[in-house]
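Read off the chains here:
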Amino acid sequence: MLAIIVDHPRRDLPSIVKLSEHLILSKNINEVILVPSYYVDHFLLSNLFKHKVKVVIFNHFRINFCDRIKYSSTRGKRNIVYDSEGCPGPNGLWLEKVFKKSLNYLKFVDHYLFWGKAQEENIRKNFDIPFRTSVVGYLRIHEKKIKTNNSKSILINTNFAYASPKFNLSSKEKIEIQKLGFMDENEAKNKFQSSLKRRKNFIETVERLVNLNPNKNFILRPHPFEDTKDYNEVVKKYSNLNFDSSKTSIKALLKSNLLIHIDCTTSIEAYLLNIPTLSLNWLIDNKVDIFSLASEVGFKAKNFEEANNFVNKFHKQKYNNQIFDTDKNEIENYFGNGNINSIKKISECVTEETKKFYPNVKSSKYYLNLRIYLKIFLYKFLPTLIYEGISRIYLGKKVFFSRKEKTFKENDIKDEISSEIALKKKDKVFYILHE
């Protein structure tokens, strides 16, 4: 049995469902279970994990998650890492910073799956790694795609989760990014101030564009990890501006005829789907802390007038990504070769690790943090309302409710699978198997 940790359903779930479906239909795996990251500790301490699971795909290798990877390894499981944020940092190579913090845990990973060659080559150059690596590309582009005949909208994607975090307090977010080794205290403060300023200017620009184009329909899609409070006030002002209700950015793009952004990964997805893209480049006040590859995708407006002009005239031009200085080879270097099917490639890696599984080979007496055992104990024996009340006090109201959004329901999965696949739920995890 394969277990896959799902980080955020509005970003990762549909493509992971398609991967699971492929594994089942190709008969490489008999059963796949999907584990919401919110319940990962419950899963690791379950009998299901202990007795049934052979391989686990973890959603990242950051130091705050490594104890769980170690625990899985010491219980004899084969560990694969496919980072759901596999091209981090302004240069797309911040996985190096992740590895520096997690050096003591390298031996507990069996196979690391990189998005692109650039990340793999950088890691191999800087570390003596004991595990197998593969370049498998960008999985999310392979989710189930449903084209719509409805009138297309202009999609606006934000990318300011650090300046206004949804799953944490801003003060704790700055501390967290230091703990993970991404930057020191001064860098964290400077990045926060720069992002905050850029976010404010972005919101003001969006308001101007929406106000000047009342006959156009704009859809706002905040980053899944970003607080939406400020955007709520903006959306209320304009009848032609609404929040996106799509489950993923891919589905939002398929209902759009233009994407507006600054340095959002969605621009890469738009490029791969051949959807026109407008980058508000004049708002970039500090190139050091933006995702430079994404900021280069599409038409790069030097001022508001150029941006507004593009919004009104792009549909009259024959759109071609190449005329906007987007380097196809550079994108493939970081996001994988578009000719390679990521689902098939990852499936091959999973099959390989499953064959290498031998029960209890690594079994040892390693235990998780005591707080995790206490959490699971309280969850099992307290009424739900009391348990959740304690959790709200411990985490804080904002963090508690935000993190619960990382859970998902059966219908979220059913929307993505074919009739040949069966689905059942038990103990907070979802089983995908052949009908």
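Described in the following lines is the structure provided in the data block.

Moving on, we come to the nonpolar core. In terms of nonpolar packing, the biggest core is built from 47 residues, with Leu 2, Val 32, Leu 34, Phe 335 and Ile 413 touching the most fellow members. Considering every element that reaches this core, the biggest residue donor is helix α1 (residues 13-25), with six residues. Here Phe 335 is in contact with Cys 87, Trp 115, Gly 116, Gly 137, Tyr 138, Thr 265, Ile 268, Phe 291 and Leu 293, once residues within four sequence places are set aside. Membership of the second largest hydrophobic core comes to 38 residues, among which are Leu 48, Val 56, Phe 65 and Tyr 366.

As a further point, take the pattern of salt bridges. For side chains of opposite charge, pairing can occur when their charged atoms come near one another. Using the criterion set out here, one finds 26 salt bridges in the structure. We note a salt bridge from Arg 199 to Glu 226, for which the minimum N-O separation is 2.9 Å. Here Glu 226 lies in the loop between β8 (218-221) and α9 (229-237) and Arg 199 lies in helix α8 (residues 185-212), a separation of 27 residues in the sequence. On the accessibility criterion, Glu 226 (0% relative accessible area) is buried. Among the salt bridges present, the one from Glu 204 reaches Lys 200, with a minimum N-O distance of 2.8 Å.

This part is about the environment of Tyr 367. Turning to its location among the elements, Tyr 367 is positioned in the loop between α15 (342-355) and α16 (370-381). Sequence separation between Tyr 367 and Asp 67 is 300 residues; the distance between their C-alpha atoms is 8.7 Å. Apart from residues no more than four positions distant in its own chain, Tyr 367 is found in contact with Tyr 71, Arg 75 and Tyr 373.

The next subject is the sheet that holds strand β3 (residues 55-58). Consider a sheet: its strands pair through backbone hydrogen bonds, and that pairing is either parallel or antiparallel. In spatial order, the strands read β6-β5-β4-β3-β1-β2-β14-β13; together these eight strands make up an open sheet with mixed pairing. In the strand order of this sheet, the two ends are held by β6 (132-135) and β13 (421-426), each with one partner. Between one strand axis and the next, the sheet turns by 20° as a mean value, whatever way the strands run. Bridge count for β3 against strand β4 (residues 78-82) is four bridges, and the pairing is parallel. Across the sheet, Val 55 pairs through a bridge with Arg 78, a residue of β4. Along the sheet, α1 makes contact with β1 (2-6), β2 (31-36), β13 and β14 (429-434), crossing β2 at roughly 165°.

On the surface, a nonpolar cluster with roughly 360 Å² of combined accessible area is contributed by Leu 374, Phe 377 and Phe 381. Along the chain, Phe 381 turns up in helix α16. Residue classification places Phe 381 among the exposed positions, given a relative accessible area of 60%.

So, about the packing of aromatic side chains. As enumerated under the stated definition, the model contains 20 aromatic pairs in all. Judged by centre distance (5.0 Å) and plane angle (85°), the rings of Tyr 38 and Tyr 39 are edge-to-face. Taken together, the aromatic side chains of Phe 61, Phe 99, Tyr 112, Phe 114, Phe 127 and Phe 131 make up a single cluster linked through ring pairs. The ring of Tyr 367 has Arg 75 lying over it, and the distance from NZ or CZ to the ring centre is 5.5 Å.

This part is about the sheet that holds strand β7 (residues 153-157). Ordered in space as β9-β8-β7-β10-β11-β12, the six strands form an open sheet in which the pairing is parallel. With one partner strand each, in any of the chains shown, β9 (241-243) and β12 (299-300) form the two edges of the open sheet. Relative to β8, β7 runs parallel, the two sharing four bridges. The residue of β8 that forms the bridge with Leu 155 is Ile 219. The sheet contacts of α9 involve β8 and β9, and relative to β9 the element is tilted by about 140°. Of the strands in this sheet, β7, β8, β10 (256-261), β11 (277-279) and β12 are in contact with helix α13 (residues 304-313), which crosses β11 at around 170°.

Calculation rules
Residues numbered from 1 in each chain as written. Predicted model: local features only at pLDDT ≥ 70, side-chain atom pairs only at ≥ 80, totals over all residues. Heavy atoms only, no water. Core = buried A, V, L, I, M, F, W, Y, C linked by side-chain atoms within 4.5 Å. Buried < 20%, exposed > 50% of the residue type's maximum accessible area, 1.4 Å probe, protein only. Helix = DSSP H or I, 4+ residues; strand = E, 2+ residues; numbered from the N terminus. Contact = heavy atoms within 4.5 Å. Salt bridge = Lys/Arg side-chain N within 4 Å of Asp/Glu carboxyl O. Pairing = 2+ DSSP bridges. Axes fitted to C-alpha atoms, helices over the stretch in contact; angles between N-to-C directions. Patch = residues over 30% accessible without salt bridge, like charges linked within 9 Å, V, L, I, M, F, W, Y side chains within 5 Å. Areas by Shrake-Rupley, 256 points an atom, 1.4 Å probe, with all protein chains shown as cover. Phe/Tyr/Trp six-rings, centres within 6.5 Å; stacked < 30°, edge-to-face > 60°. Lys NZ or Arg CZ within 6 Å of the ring centre and 35° of its normal.

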